[in-house]
Amino acid sequence: MSQKKAPYELPIGPIHPALKEPINFTFTMNGEVIEEVDFAPGRAHRGIEWMGMRRNPVQILHLCDRICGICGVHHALVFAQAVEQIAEIEVPDRAYYVRTIIAEFERIQSHILWAGVAAHELGFDTLFYLAWQLREESVDVIEYITGNRVNYGIIMLGGTRRDITPDMFPRLEQALQYYEGLLEKMINLFLHDKTIAMRCKNTGILTKRRALELATVGPTSRASGLAMDVRIDSPYAAYGDLDFDIVLPDIYSSETTGDVYDRIVVRIFEIKQSIDIIRQCMKQMPDGPVLAEEKYAKLLMNLKKASGEAFARVEAPRGEDMHYVRMNGKQEAPEMWKVKASTYSNQMAWVEILKGEQIADIPIIVASIDPCMSCTDRVAVVSHEGHTGILTKEHLHRLSVEKTRRLQA
Amino acid sequence: MRATMTPQELADRFVTRFGSRVQNVLVKEWCEGTKKLPQKTVWMTVPREILTDAVAELISIDYPHLGVIAASDTGDMIDLLYHLQVFFGGKHEEINVVFTVQVPKSDPHVPTISGLIPGAVYSEREKQDMIGVIVDGIPDSRRIFLPDDFPSGVYPWRKDDKGIPQSMVKELWKVDRPTDRPAPPVAEPEPAQDIEPESPRAASGGATE
């Protein structure tokens, strides 16, 4: 670990676990078995919080879109909610529904992306290509609604920048039917597959108790049987008006083990849930405007005067996402802005779930918490004799594929 | 039903247990959606001496989920905000609890809560990095997000002279091509003005007509 050096001085900000985030693991091995795990995040620190504390809230909102390419709308949404609480902005009811629809489409695309990555980690590349092909439909709908595939820029303080009008519903419905028709196929491919079951069952187990103690969030904690979902616990946007329940692994299998397989179960069934939520939203959507204040100059003036502190939480695809904002009424920029992304809470679980597993299981276990980072760029392995070697991502991936082939033989 | 008490009852329980040592106890609600179901939060200021007792008291009510520890530089003091949730899992029953702990910059010590909530280590390590508090009893005090060669005594979230100095800020828009690099193995391409007049440059000039 000591030879790691950052080549430049970086101003500081939030960690953001974006896809292919550089992160270093150190495993202490005993033969094939992992004895100790250590990881060092922070290699992708871009100083976003630091930058935010020097910008006005509308500028920060667009910075939020860029914290993560996959859960982009959730960071913007949660920041908007925090600022709306401080400035007491009343969001029009229709905007809550637009926010909910876009957030659920994002969940669909994120979960399918993850499913593809998981298949790839197991050496099941046919399924990886299929999953990513299926994902395109949800990204197309997001583009249809917002104009962008990533960095949607649809959230605004006090509402949304675009409306979803009834004439757009047929296109949305078409996408929902597409996914509904595929659901059986996805369940069949992911959950009935013998190889996936062999590799994922009883691998990377996180017990309910440890999930709670390590403060894990989202599908990772739900897969361990810990009922926790911000959408239901502290309803935000339109979720309080809708009828749905927390997805736990017992929806599919009789017992909850908290292994990688259960994490797949939770995510697949959350896609089904998202389809249902979007349908309910389209049915119940009230009429009216989608933005509280259309004049940005006036909005910024009001925000400059606002003072107080607030935090907001949303259920991003990977789990609870939380922003804390403090404004003092003297300056445009917030006095404090803290971003807590979902993976921030889930990383501690790695140490727990990797212990006692084999090297070949590292990729799928690391990916199972959906860290926006499926394979690390490199992994340092310290053997029992203290001999240090660097395994490349490709080597590690090959080991995982070989294990699958061995099990199939 | 998971919730055994209302936010007000939870706040009262802390006031009964700790008396005047917990201050600024506030019960807040924020509603969204057409049904306006509330998100319930109890805010309170807790001195650092009883922080672990306060967390233990919360655990005796229901084992909490630690969202994050936020921190803010307020001048002479540092505010640490422990965002915890209890009663999640029931439908719309969750109560958020925020403990604000104020520590003076001259003596920035705070006890660890990782003995009670093991997952807190991650956030506590980040606070040591970012705002320069010292978490007493932390099981792992290494840096977490800052690189190993980051200067000591500089804390990015500080607003005083211990914050990021201007010399560390890289103005990317001002950055020119580096001059201290070794010569490239392949010769640099010829400057642009040597390109023939039929180049795309001339073509783009024609597009303005």
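What counts and how
Residues numbered from 1 in each chain as written. Chains lettered and ligands numbered in written order. Predicted model: local features only at pLDDT ≥ 70, side-chain atom pairs only at ≥ 80, totals over all residues. Heavy atoms only, no water. Pairing = 2+ DSSP bridges. Helix = DSSP H or I, 4+ residues; strand = E, 2+ residues; numbered from the N terminus. Axes fitted to C-alpha atoms, helices over the stretch in contact; angles between N-to-C directions. Contact = heavy atoms within 4.5 Å. Salt bridge = Lys/Arg side-chain N within 4 Å of Asp/Glu carboxyl O. Buried < 20%, exposed > 50% of the residue type's maximum accessible area, 1.4 Å probe, protein only. Domains from an automatic or database assignment. Polar contact = N/O pair within 3.5 Å; in protein donor to acceptor, adjacent residues only side chain to side chain. Nonpolar A, V, L, I, M, F, W, Y, C, P; charged D, E, K, R; others polar.

Participant: Describe in detail the sheet that holds strand β5 (residues 95-104) of chain B, supporting the description with residues and values.
Facilitator: Residue and element names in this part refer to chain B. Overall, mixed pairing links the 5 strands, which are arranged β1-β2-β5-β4-β3 in an open sheet. A single partner strand is all that each edge strand has here, and the edge strands are β1 (23-32) and β3 (65-73). The mean angle between the axes of side-by-side strands here comes to 20 degrees, regardless of whether they run parallel or antiparallel. Alignment of β3 against strand β4 (residues 77-86), held across 8 bridges, turns out to be antiparallel. By the bridge assignment for β4, serine 72 is matched with aspartate 79.

Participant: So what's going on with the environment of Glu57(B)? Which residues, and what values?
Facilitator: Residue and element names in this part refer to chain B. Tracing the backbone shows glutamate 57 in helix α2 (residues 51-61). Linking glutamate 57 and phenylalanine 150, residues 93 residues apart in sequence, is a C-alpha distance of 38 Å. The contacts of glutamate 57, once residues within four sequence positions are left out, are Arg13, Phe14, Arg17 and Phe18.

Participant: Break down the pattern of salt bridges for me, with residues and values.
Facilitator: Evaluated as defined, the whole model comprises 39 salt bridges over all chains. For Glu137(A), the salt bridge identified is with Arg171(A), shortest N-O distance 3.0 Å. Placement of Glu137(A) in helix α5 (residues 125-146) and of Arg171(A) in helix α6 (residues 169-191) is noted, with a sequence separation of 34 residues between them. One salt bridge in this structure joins Glu126(B) and Lys127(B), with 2.7 Å as the shortest N-O distance. In terms of burial, Glu126(B) and Lys127(B) fall into one category: buried. Each member of the salt-bridge network shares a partner with another, and the members are Glu104(A), Arg107(A), Arg222(A), Asp229(A), Arg231(A), Glu270(A) and Glu315(A).

Participant: Report on the domain arrangement of chain A, specifying residues and quantitative values.
Facilitator: Residue and element names in this part refer to chain A. Taken domain by domain, chain A comprises domain 1 (4-45 + 358-408) and domain 2 (48-343). Viewed at the interface, domain 2 and domain 1 are joined by 1 salt bridge. Between aspartate 361 and arginine 199 there is a salt bridge, with the nearest N and O atoms lying 3.1 Å from each other. For the interface between domain 1 and domain 2, the tally reads 6 residue pairs in polar contact (both at pLDDT 80 or more). Secondary structure elements with two or more residues in the side of domain 1 that touches domain 2: α15 (362-368) and α16 (393-408). The element best represented in the side of domain 1 that touches domain 2 is α16, accounting for 8 residues. Considering only residue class, the side of domain 1 that touches domain 2 consists of 16 nonpolar, 8 polar and 4 charged.

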